[in-house]
Amino acid sequence: MSGRAALVTGASTGIGRATSLFLARSGFRVYGGVRRQADAEALAAAADGVGDLQPLIIDVTDEPAIGAAARRIQEDCGEAGLRALVNNAGAAYVGPLEFVPLEDFRKQLEVNLVGQLAVTQALLPALRTGGGGRIVNVTSIGGLVSTPFYGPYCASKFAFESVSDCLRTELRPWGIDTVAIEPGSIATEIWTRGTEIANEMRGRMPAEAEALYGEAIDATERISAETGARGIHPDEVARTIHKAITVRRPRARYRVGRDAKAMTTASRMLPDRIWDRLVARTLKLP
């Protein structure tokens, strides 16, 4: 396994950071994708003595940056190619769909969907060079079960699930496997950042939006904070990603966390209307 290379996007915090460190400790040469130089320096410091982890500046919404990163990896890896691409970078835009600015909705899709495909397209030649690499897409339970006020986020993750399924069959002739990782609540910074974005969006919404949805948004923010506080450690996701990369025959998808499994089971077993009423009661919707 020594010398096998992997690129992990969104490596500055949370799942991406944990996965980068875990893979480096496991003998991979890891490129940890971050957007800012300060994040690169922090990641390099965390990796000191851990293994071969090289921070790499890459913004998944910046095509020139993606191209530069791909060229760097192809030059470094040569004929050995890239063993694994972990598409983990992401953001969460939330709010009632009636009032979500379309510009924010487009940003959500650009980061969580279009950007992931852009990175995948750029790195596929390096994945092929090694005789069949592996693509691991970090989707979410939000790509299987929709939650009110998380419409932009859920839409991006549902679409990412579909892209993962298509890639899995399209790339099969070259031995490139695509795996979806579907975490539930994980104790990461995305909950804090999601709340910050929600508050920013809320401040730009008209008074009508506050009158119509204010109480439900308050409940959603409270539940989100509680969910983040009880989330599992990102190392659990990192271990699952490592397994998806290294096992001979990976599953098409791995669900991580008890709440992810419980929510999926409940939403599929209950009739849609009953599930809707359960969610509405929880969020204090009319």
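Residues numbered from 1 in each chain as written. Predicted model: local features only at pLDDT ≥ 70, side-chain atom pairs only at ≥ 80, totals over all residues. Heavy atoms only, no water.

So what's going on with the packing of aromatic side chains? Residues and values would help.
By the definition in use, this model includes 2 aromatic pairs. Geometrically, the ring pair formed by Phe-99 and Tyr-213 is edge-to-face, given 6.1 Å between the ring centres and 75 degrees between the ring planes. Residue Phe-99 is located in the loop between strand 4 (84–87) and helix 4 (102–129), and its partner Tyr-213 is located in helix 7 (residues 207–229); the two are separated by 114 residues in the primary sequence. Classification of Phe-99 by relative accessible area gives buried; the value is 15%. Overall, Tyr-213 belongs to the partly exposed group, its relative accessible area being 21%. Against the face of Trp-174 rests Arg-128, its NZ or CZ located 4.4 Å from the ring centre. (Phe/Tyr/Trp six-rings, centres within 6.5 Å; stacked < 30°, edge-to-face > 60°. Helix = DSSP H or I, 4+ residues; strand = E, 2+ residues; numbered from the N terminus. Buried < 20%, exposed > 50% of the residue type's maximum accessible area, 1.4 Å probe, protein only. Lys NZ or Arg CZ within 6 Å of the ring centre and 35° of its normal.)

Describe the sheet that holds strand 7 (residues 253–256), naming the residues involved and giving the relevant values.
As a general point, the strands of a sheet are linked pairwise by backbone hydrogen bonds and lie either parallel or antiparallel. Pairing within the open sheet is parallel, and its 7 strands lie in the order 3-2-1-4-5-6-7. If you trace the sheet from one side to the other, it starts and ends with strand 3 (53–57) and strand 7, each paired once. On average, adjacent strands in this sheet sit at an angle of 20 degrees to one another, irrespective of strand direction. Alignment of strand 2 (residues 29–34) against strand 3, held across 5 bridges, turns out to be parallel. What sits directly across from Gly-33, in strand 3, is Leu-56. Relative to the sheet, helix 1 (residues 14–25) contacts strand 1 (5–8), strand 2, strand 3, strand 5 (134–138) and strand 6 (177–183), its axis offset from that of strand 1 by approximately 170 degrees. (Pairing = 2+ DSSP bridges. Axes fitted to C-alpha atoms, helices over the stretch in contact; angles between N-to-C directions. Contact = heavy atoms within 4.5 Å.)

So what's going on with the pattern of salt bridges? Residues and values would help.
Under the criterion given, the structure shown has 9 salt bridges. Of the charged contacts in the structure, one is a salt bridge between Glu-182 and Arg-255, with a shortest N-O distance of 3.0 Å. Taken together, the positions of Glu-182 in strand 6 and Arg-255 in strand 7 put the pair 73 residues apart, joining distant regions of the chain. Taken together, the shared-partner salt bridges connect Glu-161, Asp-165, Arg-168, Glu-182, Arg-253 and Arg-255 into one network. (Salt bridge = Lys/Arg side-chain N within 4 Å of Asp/Glu carboxyl O.)

Provide a residue-level description of the pairing of strand 1, including the pertinent values.
Two faces belong to every sheet, and in a regular strand the side chains alternate between them. With burial as the criterion, each face of strand 1 is covered, one bearing Ala-5 and Leu-7 and the other bearing Ala-6 and Val-8. Relative to strand 2, strand 1 runs parallel, the two sharing 4 bridges. Residue pairing for strand 2: Leu-7 is matched across the bridge by Tyr-31. As judged from the 3 bridges shared by strand 1 and strand 4, these two strands associate in the parallel manner.

An account of helix 8 (residues 234–246) is requested, with residue identities and associated values reported.
Here helix 8 contains 13 residues, and its C-alpha end-to-end distance of 19 Å stays within 8% of the 18 Å for a straight helix at 1.5 Å per residue. Within helix 8, the full set of buried residues consists of Pro-234, Val-237, Ala-238, Thr-240, Ile-241, His-242, Ala-244 and Ile-245. On the buried face of helix 8, the contacting elements are helix 1, strand 4, strand 5, strand 6 and strand 7. (Expected span 1.5 Å × (residues − 1).)

Please give an account of the environment of Ala-211 that cites residues and values.
Residue position: Ala-211 is located in helix 7. Accessibility expressed as a relative area gives 68% for Ala-211, which makes it exposed. C-alpha of Ala-211 to C-alpha of Arg-172: the two residues are 39 residues apart in sequence and 51 Å apart in space.

Tell me about the side chain of Thr-178, and please be specific about residues and values.
Locating Thr-178 in the fold gives a position in strand 6. Judged by relative accessible area, which is 1%, Thr-178 ranks as buried. Beyond its immediate stretch of four places on either side in the chain, Thr-178 contacts Ile-135, Asn-137, Ser-164, Leu-167, Arg-168, Leu-171 and Ala-252.

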